[in-house]
Every structure is written in structure tokens, then in C-alpha cells.
Amino acid sequence: MRIVVGIKWVPNTQAVRFDPKTGTLIRQGVPAIVNPHDFPAVELALRLRDAYGGEVIAVSMAPPPAIQGLEHVIGMGVDRAVLLTDRVFAGADTLATSYVLYHGIRRIEKEIGKVDVAVFGQETIDSSTAHIGAQVASWLGWPYVYYVKNAKLDGDRLVVTRQLEDAVEEIAVELPAVISVAMRALKPRPVTLKNKMRAKVEKPIIVWSNKDLGLDPRCVGLKGSPTIVAKVTYLPEVPRKKLVYKPKDPKDAARWILKNLFLDEKTGPLLRKVLWGDSGA
Amino acid sequence: MSITGKFDVVVVGAGPAGSAAAYILAKAGFKVLVVERGRGAGSKELFGGKVYAQPLRDIWPDLDKSAPIHRWVTKERFSLVVGERVLTVEYSSPRPVGFTTYLPELAKWMADKAVEAGALLIDEVRVDEIVVKDGRVIGVRSGGDLVEADVVVDAEGVNRLLLEKLGLVERLDPKHIALGVKEVLRTGKGVIEEKLGLGKDEGMAWMVAGDITAGIPGGGFIYTMKDMISIGLVLHVGKAVEAAEKGLLREHVSLLLEKFRLHPYFKRIWGEADIMEYGGHLTIEGGLGLVPKKLAINGLVVVGDAAGLLLNTGYTVRGVDFAATSGRLAAEAIIEAFNNGGPSEENLRVYEDKLKSSFVWRELVRHRGIERVMSDPLFFTKLPRLLIGVMKRLYEADYEEPTILDAFIESTSEEDISLARLLFKLGSVVGKL
Ligand SMILES: Cc1cc2nc3c(=O)[nH]c(=O)nc-3n(C[C@H](O)[C@H](O)[C@H](O)COP(=O)(O)OP(=O)(O)OC[C@H]3O[C@@H](n4cnc5c(N)ncnc54)[C@H](O)[C@@H]3O)c2cc1C
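Quick caveat: nothing in here was measured; it's all calculated off a predicted structure.

A. Quick look at the overall build of chain B. Secondary structure assignment for chain B yields 17 helices and 19 strands. A compact globule built from 433 residues should have a C-alpha radius of gyration of about 22 Å, and chain B, at 23 Å, falls within 12% of that. Along the three orthogonal principal directions, the C-alpha set of chain B runs to about 80 × 45 × 40 Å. Considering only contacts in chain B between residues 6 or more positions apart, those separated by 24 or more positions represent 73%. Total accessible area computed for chain B in this model is approximately 18600 Å², and 52% of it derives from carbon and sulfur atoms. Here chain B holds 55 positive side-chain charges and 60 negative ones, and the gap between their average locations is 1 Å.

B. Region of interest: the packing of aromatic side chains. All names here are of chain B. Inspection of the entire model under this criterion finds 16 aromatic pairs over all chains. For the ring pair F322 and F359, a centre distance of 6.0 Å and an interplane angle of 75 degrees mean the geometry is edge-to-face. One end of the pair, F322, is in helix 10 (residues 320-339); the other, F359, is in helix 13 (residues 359-366), with 37 residues separating them in the sequence. On the basis of relative accessible area, F359 is assigned to the partly exposed category, the value being 23%. Through successive ring pairs, a cluster of aromatic residues spans W206, F260, Y265 and F266. Lying over the aromatic face of Y52, R318 brings its terminal NZ or CZ to 3.9 Å of the ring centre.

C. Inspection of helix 3 (residues 94-111) of chain A at higher detail. Residue and element names in this part refer to chain A. Compared with the 26 Å implied by 1.5 Å per residue over 18 residues, the 25 Å span of helix 3 between its first and last C-alpha is a close match. Three or more residues of helix 3 are buried, namely T94, A96, T97, S98, Y99, V100, L101, Y102, G104, I105, R107 and I108. Put simply, D93 is the residue that caps the front of helix 3, since its side-chain oxygen is 3.1 Å from the backbone nitrogen of L95. A positive backbone phi angle near 155 degrees is found at G113, which sits one or two residues after helix 3.

D. Looking closely at a nonpolar patch on the surface. All names here are of chain B. A cluster of nonpolar side chains, contributed by L405, I409, L419 and L423, occupies part of the molecular surface with about 370 Å² of accessible area. With respect to the element layout, I409 can be found in helix 16 (residues 404-414). Residue classification places I409 among the partly exposed residues on the basis of a relative accessible area of 43%.

E. Structural context of the layout of surface pockets. Residue and element names in this part refer to chain A. Its volume calculated, the second largest pocket comes out at about 1200 Å³. Contributing to the lining of the second largest pocket are 50 residues, with K8, M61, A92, T97 and D126 lying nearest its centre. Elements with a contribution of two residues or more to the lining of the second largest pocket: strand 2 (9-11), strand 6 (55-61), helix 3, strand 8 (117-121) and helix 4 (132-140). The element best represented in the lining of the second largest pocket is helix 3, accounting for four residues. Tallied by class, residues from the lining of the second largest pocket come to 25 nonpolar, 17 polar and eight charged.

F. Molecular detail of the sheet that holds strand 7 (residues 80-84) of chain A. Residues and elements named next belong to chain A. The sheet built from nine strands is open, its strands ordered 11-10-9-12-8-1-6-7-13 with mixed pairing. This sheet does not close on itself; its edge strands, each paired only once, are strand 11 (168-174) and strand 13 (205-208). Across the sheet, the mean angle separating the axes of adjacent strands is 30 degrees when strand polarity is ignored. Here strand 9 (residues 144-154) runs beside strand 10 (residues 157-163); their pairing, made up of six bridges, is antiparallel. Of the residues in strand 10, the one forming a bridge with A151 is V160. Along the sheet, helix 2 (residues 67-76) contacts strand 6, strand 7 and strand 13; its crossing angle with strand 7, the most-contacted strand, is approximately 160 degrees. Contacting strand 8, strand 9 and strand 12 (177-181), helix 4 crosses the sheet at an angle of about 180 degrees to strand 12.

G. Representation of the site of the ligand within the structure. Residue and element names in this part refer to chain B. E36, E45, G48, K50 and D305 are the nearest of the 36 residues found near the ligand. In the model, a nitrogen atom of the ligand is placed 2.7 Å from a nitrogen or oxygen of the K50 main chain. Y223 is positioned with one of its side-chain polar atoms (N or O) 3.3 Å from an oxygen atom of the ligand. Starting from 1000 Å² of accessible surface for the ligand in isolation, the protein chains cover 96%. Those elements that provide at least two residues to the shell around the ligand are helix 1 (16-27), strand 15 (274-284), strand 19 (317-318) and helix 10. At three residues, the largest contribution of residues to the shell around the ligand is made by strand 15. A breakdown of the residues in the shell around the ligand according to their chemical character gives 17 nonpolar, ten polar and nine charged.

H. Just the packing of helix 2 of chain A against helix 5 (residues 193-201) of chain A, in detail. All names here are of chain A. Their axes nearest at 7 Å, the elements helix 2 and helix 5 cross at an angle of 140 degrees. With respect to each other, helix 2 and helix 5 are oriented oblique. In this structure, helix 2 meets helix 5 at a crossing whose hand is right-handed. For the pair helix 2 and helix 5, contact is made by E71, I74, G75 and M76 and by N195, K196, R198, A199 and K200, respectively. For the contact of helix 2 with helix 5, the per-class residue count stands at three nonpolar, two polar and four charged.

I. Quick look at the interface of chain A and chain B. If you look at the interface, chain A gives 20 residues, while chain B gives 24 residues. Carbon and sulfur atoms make up 59% of the area that chain A and chain B hide from each other, which totals about 2000 Å². Considering only the surface of chain A that becomes buried against chain B, L193, K194 and M197 of chain A emerge as the three largest contributors, covering 32% of it. In this assembly, chain A and chain B are joined by two salt bridges.

J. Spatial organisation of the packing of helix 15 (residues 377-395) of chain B against helix 17 (residues 419-430) of chain B. Residues and elements named next belong to chain B. At their nearest, the axes of helix 15 and helix 17 sit 13 Å apart, and the two run at 125 degrees to each other. Judged by the inter-axis angle, helix 15 sits oblique to helix 17. Along this stretch, helix 15 crosses helix 17, giving a crossing that reads as left-handed. Counted together, L378, F379, L383 and L386 of helix 15 and R421, L422, K425, L426 and V429 of helix 17 form the full contact between these two elements. Each residue belonging to the contact of helix 15 with helix 17 can be placed in one class, and the counts come to seven nonpolar, no polar and two charged.

Reading the values: rules and limits
- Every residue gets a number counted from 1 within its own chain, in the order that chain's sequence is written.
- Following the order in which they are written, the chains are lettered starting with A and the ligands numbered starting with 1.
- Only residues with pLDDT of 70 or above have their local features reported here, since the model is predicted, and side-chain atom pairs are shown and tallied only from 80 upward, although totals for entire chains, interfaces and linings are computed over all residues.
- In computing side-chain values, all of the structure's heavy atoms are included and hydrogens and water are not.
- Only DSSP runs of H or I reaching four residues or more are called helices, and only runs of E reaching two or more are called strands; each is numbered from the N terminus.
- Here the radius of gyration uses the C-alpha set of atoms, whereas the globule reference equals 2.2 Å times the residue count to the power 0.38.
- Contact definition: two residues touch when any of their heavy atoms are within 4.5 Å.
- Residue burial considers only the protein chains on display, and all accessible areas are found by Shrake-Rupley using a 1.4 Å probe.
- Lys and Arg are tallied as positive, Asp and Glu as negative. Neither His nor the chain termini are counted.
- Lysine's charge is taken at NZ, arginine's at CZ, aspartate's at CG and glutamate's at CD.
- Under the pairing criterion, centres of Phe, Tyr and Trp rings, with the six-membered ring standing for Trp, must be within 6.5 Å; the plane angle then separates stacked pairs below 30 degrees from edge-to-face pairs above 60, leaving the rest tilted.
- Exposed residues in this analysis have more than 50% of their type's maximum accessible area, buried residues have under 20%, and partly exposed residues fall in between, with area computed by a 1.4 Å probe over protein chains only.
- Our definition puts a charge over a ring when NZ of Lys or CZ of Arg is within 6 Å of the ring centre and also within 35 degrees of the ring normal.
- By definition here, a helix of n residues has an expected span of 1.5 Å times n minus one.
- Pairs of N or O atoms are called polar contacts if they sit within 3.5 Å, as long as, within protein, a hydrogen donor faces a hydrogen acceptor (for residues adjacent in sequence, only side-chain-to-side-chain pairs).
- Patch building starts from residues that exceed 30% relative accessible area and form no salt bridge, then joins like charges within 9 Å and nonpolar side chains (Val, Leu, Ile, Met, Phe, Trp, Tyr) within 5 Å.
- Salt bridges are defined by distance alone: a side-chain nitrogen of Lys or Arg within 4 Å of a carboxyl oxygen of Asp or Glu.
- Within this scheme a cavity is a closed region of a 1 Å grid, computed over the protein atoms alone, that accommodates a 1.4 Å probe without allowing it to escape, whereas a pocket is open but has protein on both sides within 12 Å along at least five of seven lines; lining residues each have an atom within 4 Å of a point.
- Grid points are joined across faces, edges and corners, and a volume is the space filled by probe spheres set on the points.
- Each residue gets one of three labels, nonpolar for Ala, Val, Leu, Ile, Met, Phe, Trp, Tyr, Cys and Pro, charged for Asp, Glu, Lys and Arg, and polar for the others, Gly among them.
- At least two DSSP bridges between two strands are required for those strands to pair.
- Angles shown run from 0 to 180 degrees and are taken between the N-to-C directions of axes, each axis being a line fitted to C-alpha atoms and, for helices, limited to the stretch in contact.
- The nearness test applies per residue and asks whether one of its heavy atoms lies within 4 Å of the molecule or strand.
- Note on terminology: angles under 35 degrees are roughly parallel, angles over 145 are roughly antiparallel, angles of 65 to 115 are roughly perpendicular, and the others are oblique.
- Note on convention: near helix rotated counterclockwise from far helix by under a right angle means a left-handed crossing. Clockwise means right-handed.
- What gets called buried area is simply the loss in accessible area from a 1.4 Å probe that two parts show on being joined, summed for both.

Below, the structure is given as C-alpha cells:
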């Protein structure tokens, strides 16, 4: 079977800082990474391939540095990758992104061969919309199953286990289909030396620009994105006092914390008010 | 290049030592593979801050133009600290020999150079074993993958687990290693120039000794970056463990570092600057104690920290330039070995000869025993107290100050130091500093 797995190249949100003055993200110098929630999707794709044969193709719409991320998943065992990259794709919302990915998959079918399953991660760490899988499925007109924990082939259907809040569900879908794998559902395999060497030496990464896809520039990138971020508010950074105290025992610790909270000009009145309805005078 | 064939050389670790070796070998047309466990070269690195430039220029002549140099060190300071009293010596020179940088940046630059020269760098992959067959090293193993090579260059750094597995070195003895912890403080650019009296691209290297290490042999460092300041402590691991076991050391090292950052004398420089990074790394305590008996065997050479090549005199640290130089010498020896019939143990041991007639070895021998000096309480605890005591007597008199000699005598008797013993010890040490 031929499996396509979607990869997003995201800023490492754990390393992103806020500029309290301008209220914007300081992305400069922040290393980009493969969206961590994509790894269980890669793992499922690889397991399906290992069980039933065929190939796994990673696909990503991203600027050229994302090649590093694609090399990473090839290092895990993905067979090859397609990078959809073009200036006109920049600034895309989920609609415009899924549109490009959809055409990417169509082109893979034309150039390489029929795709049986498209696998995505549940969501991304930098925007958390969880739209992409569903939208790509809509464009393709394929069935879509999400919160997937595992999958196996049964004849020409895919039997999919879904992780729900209080139940585990098993359903069968006709192929081709799109599935989104639940966060942390599967432990991703590590990068191996030979696979990573193959990624670097054989460079099994195809790059397609909009010249290859030929999409209407009004339907992609910023222009093709009807979503408007009206406003972003950041929680202001709280200036910490950075006090350090080495308590003798838990009681001592509690006493010290309370004392400091009471003495603090901000938390003191608040605490008194909560405890005794005192206005703090 | 194919991934199935054998390599001429596999280098383990893309630090300064590994990348220098890889660069020279690749430039000479060798088929080189570098395996690095971190994500990208440099990602696992942490050091203090100053690098000696000339040994690096010998390898990369375009260093000054293209390396990530933050500031050229035109001022060196050394301080002794006892409580809030501080004695500082400053040396200012128009001829800087070293520059400040972040090691992750510099190591990445070095690795990029090796890749440009044709080496294949594979990151995010750990080597699990150096593979030996019929008495010679034949390659490396990572997980289930074996990659064969005529020569393996072990540049794995101070925590040399592969060499240990190979039986070439003993388990790392805490007595020979130190723990470094470091914070990077965002001060802004103007602050560094203003507070430390530096010109635009001028930098400072500042070593600190005294009670900031809570009685554990070691010291502090301060280095100026472009618009940040790196500060840190280096603590003798063996003695720190002893002190902790005896209950003399109760605080976590991060708290010791915090105290250093909050020390009023030093804090004045960076104020409430944000802490951008916190990290730790092992390092070599110094001396020749960690040098393996053999630096080359059949099919293997050992370079950099893994070979125990680091000098810490207390007023300066040389690790990066030693590592890179040993990498260069190993590469040159490998090239010669190939020209002389192959990488037999005999041919590879030319590397040892080269190393032993290099400045690296001469420096290490010249300062041999320095680590014993630096872990002698007389020097890292009593001497600062003595000198601060002298200063206190000279400068804190309301009416009458003693003569320098009297101040010395009073101070030695207060610290319970025998002047004769001190002079004797000093005499035996100056030759090593
Ligand atoms: C706190 C501190 C302060 C210092 N200050 C200075 C200073 O101011 N100036 C100076 O010149 N030196 C300083 N040093 C020393 C200097 O950092 C080292 O001497 C130098 O980095 C050694 O280079 P190396 O290439 O031998 O090893 P490293 O730089 O340690 O590189 C080893 C590399 O090998 C990789 N590796 C290890 N094992 C494996 C494996 N099994 N598989 C794959 N990859 C592996 C590691 O990830 C790493 O990238 C300091 C060190 C410390 C800790």
C-alpha cells in the first residue's frame, strides 16, 4: 500500500518567548522542529507499511529548511518525501494549506501511483486547530477517521481503533481514506544511522513549487486564506521576586510562604480579603 | 558517495576535535563519515566562553572572517572573593589572542566546514559501540547498523563511554572531573561596554576564586558575549561529592550559581537581567590524569576531551583549541599512515608523536600537577582569605593602617597559616602556573 503522511515544520513553541513590549512572539533564533504530534502518525504509517508492504511518502508544505525535518522522518524509515514549497504558499491558514496538500497528494498519485491512506497528526503545537486532516479528506472526498490509535488491514478495508474519552471504538473504512492519529497514541521509533545516511546521501526528497502544482495564486497562501486573526492577547509576564528559601520542614515552608504572601503588597490584601473579607486596611 | 560502502574514516562526535579531524581528512579527499548524537552539531555543547584563536587559524585560515566570534578579549580579570570583599586584578591589552563565543555556534561552524569539504555528517544518531574484530577496530555500531571504516576517530568528549566499553580507559574517576554550570544573562549591548569599560567588539574574560564555591575546589567565570553575559561555576566533582557526603555541602549547584549571580559586587554589572539559558556540562579537572595510556591503537585514534587534553590553570581554560589541534594532528597522522601502507597501530601512533611534540602537550606538561594545586585548600580557600585580610587591613583603617608586612603577618596568623609553609608551597607552585 502507498501511505502518505503529513508533516508540519513548526517553531519549537517551548523555546518561543514573548516580547512583553510589543506583545508579539520572538521567533528569531528559535529552532524549528517537526510537529511532535506528527510522530505517532509517522509511526502508524511505518507500521502499516512494515505489515503490508508498499511505501510511505512524507509530504509537507513548508519553506525549504523543512528538508531537515523530512530528513528526520526519512531517518525513522519513511521511504521518500515531497516538499511543497513556494513563496505564494506563505501565510496560509488551514484552508489554503489543506488545498495545497490536497493537490500535492493528487500529484503524487499522478507521478508516483495511487495513494491508499493519508495519515496526519492530531494537531500542531503552534496552532492546535486539528483542521488539516478533515479538510484534506473533504477536498479528496475520502472518508475521515480521527483520534486513531491503531489500524490494520482487513481485506480492502482499514480497521481503525479510535481512542475516545471513555471508550475505544473499532470501525472499518473503505480505502482510500484519511486518518488522524491521536497524540501520544504510538511511541515513535528512533532515527537510525543507515536511514539517516540514506536521507543525506540519496536525498529522496522531491521538491514541487507552484510551477509544478499550477494552482490559482488566489487560492493559496495569504490570499487564499479567509481566516482572520482578529486579535491576540498575551498574558503579561509576571515579574517574579525570585526568592529562595531552604525550609527545615514542610510546616516551616508553609509558614514562610504564607508570611511572604501576607507581606506582599499585591497578594497580601487579596489574601486578607479572601480569608476575612477584609479590604486590607 | 554510497551508503553501503566502507568509509576511510568514521569520526564519532562533531565537537571541535571531531570536526577539525573531519575537515582536514575530507579536504585531503578522504571518504569521511561524522556521527553526532545531538540534533545538529553543537546542540550538546556547553563551555565557558573564551577560545584561543591562533591554533584554530592554523586549521581554518578564514577563522577571523567567518567564525561566530562575539568579542575579542582585550581585558582579563581575576578576582578573589571572601564574603562581600573582593580583590580584582585587571589586565588590559591591545593584542587579543582569544575571542568569546558560544560553543554550540562555534561547533556548528566547524562542522559546516567539514561538510563543505565533503564529509558526511549524520546527526541525531548515537554510536553505541566501536567495533573490534580480530584485534583491530573495524568501524562503529549504532543500534542494528554497522558502518565499517579503516580508521575510527574517537572524539566523543569527556564522558567517554565508548572508550570505556572498549576497555581502553577506566571508568571516569570523579577525582579527575569537574562539573560546570552556566547561565546566560541578557544585559543588552550598551550595558557590557558601559559597565566593563569595553569598546564595541572588545570582550572580557573574568575568572573568580574564593568562597563563591562554598569551600569546594573550583571557581567562577564571567564572559562577555555580543549582548549577553555568560556566568558560571566549575566545581571539582570528587570533592563536591565528599563535601555533600559529609553534610558540608547542602545546596544544589544551581543555588550556588544563583548566589554568585546575586553577589552585590558582580550583580551591579548585570542587574536584573533575564536568564536566557541554564545548563551544565562535565569537564576535565586538568592535568594529564585523564590521558589514556594509548592514544592510538589498530584502527583507532582518540582526540580532544576524550583524550584528556584540557588545561585549566585557574586564570585561563584551554579545551577547544587543544581539542581542535589534536583533531588536526590525528588527521595528519592518518593521512601519513595511508601513504605509508595503511592505518596499522604502528603507523597511527605517529599521532602520539605529533601530539607529544606539539604545544598542546608542552602546555600540559608545563602545568602538570596544577589540578592538585587548585584542589589544595591552602590555595583556593586560605590564600583568598589571606589576601583579602591584607587588603582589609590596608584599606579599612579609620585612622592608622599597618605596613604591608604587618598586614601580612596579622592576616596569616588570623587565618592560621604558617608563612614559611605558604612561601614554600607558593615556591613549588609558581613553576606550574
Ligand atoms: C563549564 C565549562 C567551561 C569551559 N570553558 C572553556 C573555555 O572557556 N575555553 C575553552 O577553550 N574550553 C573550555 N571548556 C572545555 C571545552 O568545552 C572542551 O575542551 C571541548 O569542547 C572539547 O572538545 P571535544 O570535541 O573533544 O568534545 P566535545 O566538545 O564534548 O564534543 C563531543 C561531541 O561528541 C558527541 N558524542 C558523544 N558521544 C557520542 C556518541 N556515542 N555518538 C555520537 N556522538 C557522540 C557529543 O554530543 C558532542 O557533540 C569548558 C568546558 C566546560 C564544561
